[in-house]
Amino acid sequence: MAIQEAQMNKVKAEAGIAIARAKARQAQINANSHVLKAKQMIAKAQAR
């Protein structure tokens, strides 16, 4: 039983890490898109 619990805890920990990585990736993607939008707005403003 102890072995199963240890395995379960390991799986849970790995899942938590995977979720954290996915969230970090998504946050990075969102940040990049915001930067691109800001650059486009600046370019438009300068073009006027």
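Model, not experiment: these values are computed from the prediction.

(A) Highlighting the overall build of the protein. Each helix and strand counted, the protein has one helix and zero strands in total. Its C-alpha atoms give the protein principal-axis dimensions of roughly 70 × 5 × 5 Å. Counting all 48 residues of the protein, 0% fall into the buried class. Of the roughly 4600 Å² of accessible surface on the protein, a fraction of 63% belongs to carbon and sulfur atoms.

(B) A look at the environment of glutamine 26. With respect to the helices, strands and loops of the structure, glutamine 26 is situated in helix 1 (residues 2-47). By relative accessible area, which is 41% here, glutamine 26 ends up partly exposed.

Calculation notes
- Residues numbered from 1 in each chain as written.
- Predicted model: local features only at pLDDT ≥ 70, side-chain atom pairs only at ≥ 80, totals over all residues.
- Heavy atoms only, no water.
- Helix = DSSP H or I, 4+ residues; strand = E, 2+ residues; numbered from the N terminus.
- Buried < 20%, exposed > 50% of the residue type's maximum accessible area, 1.4 Å probe, protein only.
- Areas by Shrake-Rupley, 256 points an atom, 1.4 Å probe, with all protein chains shown as cover.

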